[in-house]
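These are the residues of each chain, in order.
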Amino acid sequence: MDIIAKERAEVTVQIHRRTLARFVLFLLALLIIADVTVIMQSHSMALELNRQQVNKKLSLAGDFCVEAILKGDYVSVEQFLLAWAEGYDEVLQLKATAANGFLLVNYQRKQNSPHTLTATHQAVFQNQPVLTIEIVENLDALYSAQRLNALTLVGLSIVIVAIFGYLLWTTLRRTVFLPLRNEIRDHQKAQHELTLRGRELEISNKDLEAFCYSVSHDLRAPLRGIHGFSTVLNEDYNDKLDDTGRDYLRRICDGATKMSLLIDVLLELSHVSRLKLIIKEVNLSEIATDIISDLQFQDPERKVTFTLQPKLIVNGDHQLLRVALTNLFNNAWKYSRLKPQAIIIFSKETSEKGKDIYCVSDNGAGFDTQYADKLFEAFQRLHRQDEFEGTGVGLATVKRVIERHHGQVWATSTLGEGSKFYFSLG
Ligand SMILES: Nc1ncnc2c1ncn2[C@@H]1O[C@H](COP(=O)(O)OP(=O)(O)O)[C@@H](O)[C@H]1O
Ligand SMILES: [Mg+2]
């Protein structure tokens, strides 16, 4: 798993966790709203019940007083009502007024309360009011019972949601988070190993490049010796050698020349691999014009039509891109030399994905496309030395340059009709 995938997995875990937290909070809010509704309803029901009970009590007490009132026995009424009020802890005040407005009882308990209920009862005899009793009742007990009920209900809801949330969390952890975490860990391990392998590979590549460089470099001096001495031998001792000796000497000279060329191209390959890139705007059209005019200058006899798209500008390393184009145009020039009128074209196309693709094409000898990939490996050649001379390192160098620009290179061809070499950058 790459870093982006790992981050995505972690974000998924976070989203799950946040969604779960939100869901649990929502559930809790819902339960608390339900609790409040239930509490309010039960409170008004309890109040109503209380009111009915008080009215019933009052009516019983009033009925009890009617007979004494009719007899004019106000003392008994007073005694009875005072005793009645004393007997009920909830009664805070009691006022009893006779029909003629005479205040028979005015009882007031010392205690006070913020929650009270006022009730009035009129005792009647033959449809005539004889006594009005008014009481104020203390509702503290009812309110504290209701408060306790409310607290229990809310507490219970919180406990239920907490248990539910915990169960949901552990299930999610077991079924989603832990497997995901394990997956992330495994991928991280794989990623780490990949990085290690990459680093090892980089080191061994660097070693190989350094080795290639020093071998090629160190071979130059003895080669110069061989070339120098065989030239001297050819010039100063030519008449002392017979034909076979001269042939051997010529072969030594040719071998040394070829080896020198090989060393040059190997050094260039190594150079291209080691050079630090300096990325800036590069005008490929200008470079191509330069290379072709050099080739034409070196080979004025050749008839070559060169067509190019102007202002092909890219971001890349000027020096390396010049090396790549030089190799591609050298090839186009070389492999089209048997055509009386060679055509070389440098153009740009746009891929389906909108990427810029550059193409060097020629109408030369072409090659068998089944080996198209092989061409980009060092020392892989599809033409005989006596047909077209070469070292087989040019396209490997091109590939290395393009790879260093994170691009791709590939080729198509029709044997005898020409080839097209494409490349893209980054
Ligand atoms: N433009 C071309 N037309 C036909 N064949 C080509 C062309 N360019 C490259 N090739 C084939 O690819 C091989 C590898 O090319 P390269 O690495 O440049 O080596 P060299 O040119 O030294 O032989 C060549 O030997 C040749 O067979
Ligand atoms: Mg070449």
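Residues numbered from 1 in each chain as written. Chains lettered and ligands numbered in written order. Predicted model: local features only at pLDDT ≥ 70, side-chain atom pairs only at ≥ 80, totals over all residues. Heavy atoms only, no water.

Novice: Teacher, can you tell me more about the pattern of salt bridges here?
Specialist: Any two side chains of opposite charge can pair, given that their charged atoms come close. In total, this model carries 15 salt bridges according to the counting rule given. In this structure, the salt-bridge partner of Glu377 is Lys374, at a minimum N-O distance of 3.8 Å. Classification of Glu377 by relative accessible area gives partly exposed; the value is 37%. Note on Lys374: relative accessible area 41%, which makes it partly exposed. A salt bridge links Lys399 to Glu403; the shortest N-O distance between them is 3.7 Å. Placement of both Lys399 and Glu403 in helix α7 (residues 394-404) is noted, with a separation of four residues, approximately one turn of the helix. By relative accessible area, which is 39% here, Glu403 ends up partly exposed. Salt bridges here are not isolated pairs; linked through shared partners, they connect Asp247, Arg250, Arg251 and Asp254. (Salt bridge = Lys/Arg side-chain N within 4 Å of Asp/Glu carboxyl O. Buried < 20%, exposed > 50% of the residue type's maximum accessible area, 1.4 Å probe, protein only. Helix = DSSP H or I, 4+ residues; strand = E, 2+ residues; numbered from the N terminus.)

Novice: In this structure, what is going on with a nonpolar patch on the surface? I would like to understand it.
Specialist: A contiguous nonpolar surface patch, about 380 Å² in accessible area, is contributed by Phe23, Phe26, Leu30 and Phe164. With three residues, helix α1 (residues 3-71) is the largest single contributor of residues to the nonpolar patch. Looking at the element boundaries, Phe23 is found in helix α1. (Patch = residues over 30% accessible without salt bridge, like charges linked within 9 Å, V, L, I, M, F, W, Y side chains within 5 Å. Areas by Shrake-Rupley, 256 points an atom, 1.4 Å probe, with all protein chains shown as cover.)

Novice: Even after reading the chapter, I still don't get the sheet that holds strand β2 (residues 103-108), so can you show me in this structure?
Specialist: Strand pairing within a sheet occurs via backbone hydrogen bonds; the two strands may be parallel or antiparallel. Pairing is antiparallel across the open sheet formed by four strands, whose spatial order is β2-β1-β4-β3. Looking along the sheet, the strands with just one partner apiece sit at the ends: β2 and β3 (116-125). Strand-to-strand twist across the sheet, computed as the mean angle between neighbouring axes with direction ignored, equals 10 degrees. Alignment of strand β1 (residues 91-98) against β2, held across five bridges, turns out to be antiparallel. Across the sheet, Ala96 pairs through a bridge with Val105, a residue of β2. Sitting on the sheet, helix α2 (residues 74-87) touches β1, β2 and β4 (128-138), and the angle it makes with β2 is about 20 degrees. (Pairing = 2+ DSSP bridges. Axes fitted to C-alpha atoms, helices over the stretch in contact; angles between N-to-C directions. Contact = heavy atoms within 4.5 Å.)

Novice: Whenever I open this one, the packing of helix α5 (residues 284-298) against helix α6 (residues 318-335) confuses me. Can you help?
Specialist: Working note: a packed helix pair is described by the angle between its axes plus the distance between those axes. Packing of α5 against α6 leaves a shortest axis separation of 10 Å and a crossing angle of 45 degrees. Our classification of the angle between α5 and α6 gives oblique. Here α5 and α6 pass one another in a crossing that is right-handed. Each of Leu284, Ile287, Ala288, Asp290, Ile291, Ile292, Leu295 and Gln296 in α5 lies in contact with α6, whose residues at this interface are His318, Leu321, Arg322, Leu325, Thr326, Phe329, Asn330 and Trp333. (Parallel < 35°, antiparallel > 145°, perpendicular 65-115°, else oblique. Left-handed = near helix turned anticlockwise from the far one by under 90°.)

Novice: Help me out: how do you make sense of the packing of aromatic side chains in this one?
Specialist: The geometry of an aromatic ring pair comes down to the distance between the two centres and the angle between the two planes. For the structure on display, the rule yields eleven aromatic pairs. Between Phe329 and Phe346, the ring centres sit 5.6 Å apart and the planes meet at 85 degrees, which makes this aromatic pair edge-to-face. Pair noted here: Phe329 is in helix α6 and Phe346 is in strand β8 (residues 342-350), with a separation of 17 residues, a long-range link. Of the two residues, Phe329 and Phe346, both sit in the buried class. (Phe/Tyr/Trp six-rings, centres within 6.5 Å; stacked < 30°, edge-to-face > 60°.)

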